[in-house]
Amino acid sequence: MISRKDEPFSRSIQNYLKVIYSHTRENRPVSTLGLAEALDVKPASVTNMLQKLDEFEPRLVNYQKHHGVSLTEDGEKEALRVIRRHRLIEQFLYEVLGYSWDRVHSEAEELEHVISPYFEDRLAEFLGEPAFDPHGEPIPNRDLEVTQDESIIPLSLLPVGKKAVVRRVTAGPQELLAYLGEIGLHPGKGVEVVERNPLDGTSRVLVDGMEKFFGVGVTGAVFVSVAE
Ligand SMILES: [Zn+2]
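Note that the coordinates shown come from a computational prediction; the quantities given were computed from them, not determined experimentally. (Residues numbered from 1 in each chain as written. Predicted model: local features only at pLDDT ≥ 70, side-chain atom pairs only at ≥ 80, totals over all residues. Heavy atoms only, no water.)

### Quick look at the packing of helix H2 (residues 32-39) against helix H3 (residues 43-54)
The cut-off we apply is this: Axis lines are fitted through C-alpha atoms, for helices just across the contact stretch, and the angle between N-to-C directions can take any value from 0 to 180 degrees. Secondary structure elements follow DSSP: runs of H or I no shorter than four residues count as helices, runs of E no shorter than two count as strands, and numbering proceeds from the N terminus. Note on terminology: angles under 35 degrees are roughly parallel, angles over 145 are roughly antiparallel, angles of 65 to 115 are roughly perpendicular, and the others are oblique. What makes two residues a contact is simply this: any of their non-hydrogen atoms within 4.5 Å. Under this grouping Gly is polar, as are all residues other than the nonpolar Ala, Val, Leu, Ile, Met, Phe, Trp, Tyr, Cys and Pro and the charged Asp, Glu, Lys and Arg.
For the pair H2 and H3, interaxial distance at closest approach is 9 Å and the crossing angle is 110°. Taken together, the axis directions place H2 and H3 in an arrangement best described as roughly perpendicular. Of the residues in H3, those touching H2 at Thr32, Leu33, Leu35 and Ala36 are Pro43, Val46, Thr47 and Leu50. Within the contact of H2 with H3, the residues separate by chemical class into 6 nonpolar, 2 polar and no charged.

Structure representation (structure tokens):
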């Protein structure tokens, strides 16, 4: 049995926990193949790592061959800790260092593994305990609780003629984020779908009164809540 003592989890373990967390949101275990794809590694290495995590003290995952994998309470806590650091760092880079929002993710992917708990605390305090990162993703709080707003829908499902507010833009390809940033499609922006092509889903959208055409690649990545 491997025991943790006080040393931090390795970068690779943290990345596994993060990916398992994001793939099991609907309480369904994620498959070994699904993980291999998401982490860009061979299925055999995934199986190896999952067995290791299943024997970890504290136990981090529930893993049974052919039944997929889910996080234990300890595993989920560690995943949320890394996600909290990641999103705090993104917010710092964006708000304080003036990074554009398409550049913060790759930097945060590195830094999330190396900052100390003390650094994390100071950072959160300095930023005023922010609730969201630059993309509108919720930042888990100090107690590692995270609130998901169930009323948020993808722009692709917003009924034509309804006014809405952008709440979250999921981190897609960097070029897409850069483009959306250029046209000002940030959380807080007002949008309205004026027309949608029923064949391919292409939408004519008003962004702050400016007309834009978006394919489903964009409207599936932008999440909104319907304005009152
Ligand atoms: Zn990110």
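The rest of the description comes next.
### A short note on the domain arrangement of the protein chain
This is how the line gets drawn: Marked domain ranges trace back to an automatic or database domain assignment.
Domains assigned within the protein chain are domain 1 (2-71) and domain 2 (153-226). Here domain 1 and domain 2 have C-alpha centroids that lie 34 Å from each other.

### So, the pattern of salt bridges
For clarity, the threshold we go by: For this analysis, a salt bridge means a side-chain nitrogen from Lys or Arg found within 4 Å of a carboxyl oxygen belonging to Asp or Glu. Note on exposure labels: buried denotes an accessible area under 20% of the residue type's maximum, exposed denotes more than 50%, and partly exposed covers the range between, all computed with a 1.4 Å probe on protein chains only.
Within this structure, the stated rule accounts for 18 salt bridges. The salt bridge partner of Lys18 is Glu112, with a shortest N-O separation of 2.6 Å. Of the two residues, Lys18 sits in helix H1 (residues 11-23) while Glu112 sits in the loop between helix H5 (104-111) and helix H6 (117-126), which places them 94 residues apart along the sequence. Of the residues examined, Lys18 reaches a relative accessible area of 13% and is grouped as buried. When the shortest N-O distance is used, the salt bridge between Glu78 and Arg81 registers 3.4 Å. Here Glu78 pairs with Arg81, and both are found in helix H4 (residues 73-95), just 3 residues apart, close to one helical turn. Among the charged side chains, a salt-bridge network with shared partners connects Arg84, Arg85, Glu120, Asp121, Glu129 and Arg142.

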